[in-house]
Amino acid sequence: MTSRIVTIQYLRGLAALLVLASHVLLYPLLSQPLVYGRLGWLGVILFFVISGFIMVTVTAGGRFDGLKFLRRRVQRVVPLYWVFTLVAAALALIAPQLFKTTVFDGQQLLLSLAFVPFYNPASHGIHPLYKLGWTLNYEMFFYVSFALLAMVTVRRRVMALTIAYLGLAIVGQVWAPEGAIAQFYTNYMPLAFIAGAWLGLAYIEGRLVRISSAMTGLVGALALVGIVEGFSWGGEAVEEIAAFAGFLAFAIGAVALFVRYDGKVPRFALMERIGDASYSIYLAHIFAVALVAGVWLRLFGADGPGSGLAITGLSILGGVGIGLVLYRFLEKPLLDWFRRRSVDQRARLAANAVDHGNQTI
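Definitions and limits used
- Residues numbered from 1 in each chain as written.
- Predicted model: local features only at pLDDT ≥ 70, side-chain atom pairs only at ≥ 80, totals over all residues.
- Heavy atoms only, no water.
- Helix = DSSP H or I, 4+ residues; strand = E, 2+ residues; numbered from the N terminus.
- Rg over C-alpha atoms; globule rule 2.2 N^0.38 Å.
- Buried < 20%, exposed > 50% of the residue type's maximum accessible area, 1.4 Å probe, protein only.
- Contact = heavy atoms within 4.5 Å.
- Areas by Shrake-Rupley, 256 points an atom, 1.4 Å probe, with all protein chains shown as cover.
- Patch = residues over 30% accessible without salt bridge, like charges linked within 9 Å, V, L, I, M, F, W, Y side chains within 5 Å.
- Salt bridge = Lys/Arg side-chain N within 4 Å of Asp/Glu carboxyl O.
- Lys, Arg positive; Asp, Glu negative; His and termini not counted.
- Charge placed at Lys NZ, Arg CZ, Asp CG, Glu CD.
- Expected span 1.5 Å × (residues − 1).
- Phe/Tyr/Trp six-rings, centres within 6.5 Å; stacked < 30°, edge-to-face > 60°.
- Lys NZ or Arg CZ within 6 Å of the ring centre and 35° of its normal.
- pLDDT = per-residue confidence, 0-100.
- Polar contact = N/O pair within 3.5 Å; in protein donor to acceptor, adjacent residues only side chain to side chain.
- Axes fitted to C-alpha atoms, helices over the stretch in contact; angles between N-to-C directions.
- Left-handed = near helix turned anticlockwise from the far one by under 90°.
- Nonpolar A, V, L, I, M, F, W, Y, C, P; charged D, E, K, R; others polar.
- Parallel < 35°, antiparallel > 145°, perpendicular 65-115°, else oblique.
- Core = buried A, V, L, I, M, F, W, Y, C linked by side-chain atoms within 4.5 Å.

### Considerations on the overall build of the protein chain
Phase 1 of the analysis: Of regular secondary structure, the protein chain possesses 13 helices and 2 strands.
Phase 2 of the analysis: For the protein chain, whose C-alpha radius of gyration is 22 Å, the value lies close to the compact-globule estimate of 21 Å for 361 residues.
Phase 3 of the analysis: Taking the principal axes of its C-alpha atoms as reference, the protein chain extends roughly 80 × 55 × 50 Å.
Phase 4 of the analysis: Looking at the 361 residues of the protein chain, the share that counts as buried comes to 46%.
Phase 5 of the analysis: Counting only contacts in the protein chain whose residues sit at least 6 apart along the sequence, the fraction spanning at least 24 positions is 76%.
Phase 6 of the analysis: A total of about 18100 Å² of accessible surface is found on the protein chain, and carbon and sulfur atoms cover 68% of it.

Structure below.
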């Protein structure tokens, strides 16, 4: 990708806000309304579609260095996630009363840091110790899968991933394996990466930006139908394949249309900054939500006039605020440090090659 697609940053910001709003609405409640849970699920699906799109567009040249790709993805994802996992583990050990579904366990901590899925009895699901990390297990799975196909062309890479992920999803739906790892990786959720990858392929081949006005109307209508279906589909479970299909349709439509009209969409500096900080917001927001909601409920209770609105508004502001601060003072400096280190290393290698060449002349 030769230039920054600003609208992708807007969508990353939207995805982070959806997850944040979901947890804000769920946290102070004893029950968990279906629509609130699906709000966050929609945000995750949108994140995955965007991730698939970005990975294809940044490797648009075709073949690439798989190890270098993985190293950059690890530098981008792992340090911050490990920080929050270790913080959550320490707090769960020292002050377990602060958590609802997090319990300290040494083995779970190691598995979480290694991105190995396992059944977590505290959360009653396949979640790492820091529950939000389940999405990162999928992200790392996608990165490894992507890197294993580094030596083929971009189109063949997307086709191979499509066949592999569809096969895994079919196995999961037909045979329903019981083990945590098998269950996790035969889920249909990774298909969102594939949808994004095809959008990325359409973009680098120039087809996405040539969508006609009539086609954009159709795409928009399908996205609208998808989001309505995703929120209205019956059942008690947040994650259902029919609802997933609806949300995936919305995410595909949103990415396609936002990229198609990237140059015509007004610039929103705040939304762009939220998009830049979306990873920090995703990882950190639950602490802000817990702090704001906990303090408010203790001081004013849940039945006070305007409590729900106040908790929602303040928690969203707190979640976004802490994410922006974390991005500014931790995530971005860390990424800049890795970038400088990589540049310095290349410079040293180049200098050594010149010196070696001079010695052999």
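### Considerations on the environment of Val-116
Phase 1 of the analysis: Looking at the secondary structure, you find Val-116 in the loop between α4 (106–113) and β1 (119–120).
Phase 2 of the analysis: Taking the C-alpha atoms as reference points, Val-116 and His-127, 11 residues apart in sequence, are found 9.6 Å from one another.
Phase 3 of the analysis: With near-sequence residues (within four places) excluded, Val-116 lies in contact with Leu-111, Asn-137 and Ile-181.

### Focus: a positive patch on the surface
Phase 1 of the analysis: Positive charge collects at one region of the surface, where Lys-68, Arg-71, Arg-72 and Arg-341 lie side by side.
Phase 2 of the analysis: For the positive patch, the element with the highest residue contribution is helix α3 (residues 66–94), accounting for 3 residues.
Phase 3 of the analysis: Judged by relative accessible area, which is 40%, Arg-71 ranks as partly exposed.

### Quick look at helix α1 (residues 6–26)
Every α-helix winds through 3.6 residues per turn, so residues three or four apart in the chain are directed the same way.
Phase 1 of the analysis: An ideal rise of 1.5 Å per residue puts 30 Å on 21 residues; α1 measures up with 31 Å between its terminal C-alpha atoms.
Phase 2 of the analysis: Burial within α1 is extensive, with 17 of its 21 residues counted as buried.

### Here's the deal with the pattern of salt bridges
Phase 1 of the analysis: Taken as a whole, this structure holds 9 salt bridges when the rule is applied.
Phase 2 of the analysis: Ionic pairing is found between Arg-207 and Glu-205, a salt bridge with its closest N-O pair at 2.7 Å.
Phase 3 of the analysis: Overall, Arg-207 belongs to the partly exposed group, its relative accessible area being 38%.
Phase 4 of the analysis: In this structure, the salt-bridge partner of Glu-272 is Arg-267, at a minimum N-O distance of 2.9 Å.
Phase 5 of the analysis: Here the residues in one salt-bridge network are Arg-4, Arg-267, Glu-272 and Asp-276, joined through shared partners.

### Looking at the packing of aromatic side chains
Phase 1 of the analysis: One pass over the structure, following the stated rule, counts 26 aromatic pairs.
Phase 2 of the analysis: When the centroid spacing of 5.1 Å and the interplanar angle of 85° are considered together, the rings of Phe-184 and Tyr-185 count as edge-to-face. Accessibility classification places Phe-184 together with Tyr-185 in one group, the buried group.
Phase 3 of the analysis: Positioned above the aromatic ring of Tyr-261 is the side chain of Arg-260, whose terminal nitrogen or guanidinium carbon lies 4.6 Å from the ring centre.
Phase 4 of the analysis: Above the face of the Phe-329 ring, Arg-328 is positioned so that its terminal group lies 5.0 Å from the ring centre.

### Quick notes on unusual backbone geometry
Phase 1 of the analysis: Although it is not a glycine, Phe-115 sits at a positive phi angle of roughly 60°.
Phase 2 of the analysis: The class of Phe-115 is buried, set by a relative accessible area of 12%.
Phase 3 of the analysis: Positioned with a positive phi, Ala-176 is a non-glycine residue whose angle comes to about 45°.
Phase 4 of the analysis: Within the secondary structure, Ala-176 is located in the loop between α6 (154–175) and α7 (180–185).

### Some thoughts on the confidence of the model for the protein chain
Interpreting fine coordinate detail is not advised for predicted regions of low pLDDT.
Phase 1 of the analysis: Here the protein chain shows a mean pLDDT of 91. Residues at 70 or above account for 92%.
Phase 2 of the analysis: Mean pLDDT across the elements of the protein chain bottoms out in helix α13 (residues 307–360) (81) and peaks in helix α5 (residues 134–148) (98).

### Some thoughts on the side chain of Ser-51
Phase 1 of the analysis: Take Ser-51: it is sitting in helix α2 (residues 34–58).
Phase 2 of the analysis: A polar contact is formed between the side chain of Ser-51 and the side chain of Glu-139, at a distance of 2.9 Å.
Phase 3 of the analysis: The contact partners of Ser-51, leaving out residues within four places of it in the chain, are Glu-139, Phe-142, Tyr-143 and Phe-193.

### Things to note about the packing of α1 against helix α10 (residues 241–260)
The angle between the axes and the distance between the axes are what describe a pair of packed helices.
Phase 1 of the analysis: α10 packs onto α1 with a crossing angle of 145° between their chain directions and a minimal axis gap of 8 Å. Where α1 crosses over α10, the handedness of that crossing is right-handed. Facing Thr-7, Ile-8, Tyr-10 and Leu-11 of α1, the residues of α10 in contact are Ala-254, Val-255, Phe-258 and Val-259.
Phase 2 of the analysis: By residue class, the composition of the contact of α1 with α10 is 7 nonpolar, 1 polar and no charged.

### Things to note about the packing of α2 against helix α9 (residues 213–232)
Phase 1 of the analysis: With their axes 9 Å apart at the nearest point, α2 and α9 run at an angle of 135° to one another. Taken as axis vectors, α2 and α9 run oblique relative to one another. Residues Val-35, Arg-38, Leu-39 and Leu-42 of α2 lie in contact with α9, whose contacting residues are Ile-227, Gly-230 and Phe-231.
Phase 2 of the analysis: A class-by-class count of the residues in the contact of α2 with α9 yields 5 nonpolar, 1 polar and 1 charged.

### Observations regarding the side chain of Ser-315
Phase 1 of the analysis: Considering the arrangement of structural elements, one finds Ser-315 in helix α13.
Phase 2 of the analysis: The class for Ser-315 is buried, based on a relative accessible area of 0%.
Phase 3 of the analysis: Not counting residues within four places of it along the chain, the set of residues in contact with Ser-315 comprises Leu-20, Val-24, Val-289, Val-292 and Ala-293.

### Here we look at the nonpolar core
Phase 1 of the analysis: Ranked by size, the top nonpolar core spans 94 residues in total, and within it Ile-45, Phe-53, Met-189, Phe-244, Val-255 and Leu-283 carry the most contacts.
Phase 2 of the analysis: Among the elements that make up this core, the one with the highest residue count is α2 (14 residues).
Phase 3 of the analysis: Setting aside anything within four residues of it in sequence, one finds Val-255 in contact with Ile-8, Leu-11, Leu-46, Val-49, Ile-50, Phe-53 and Leu-199.

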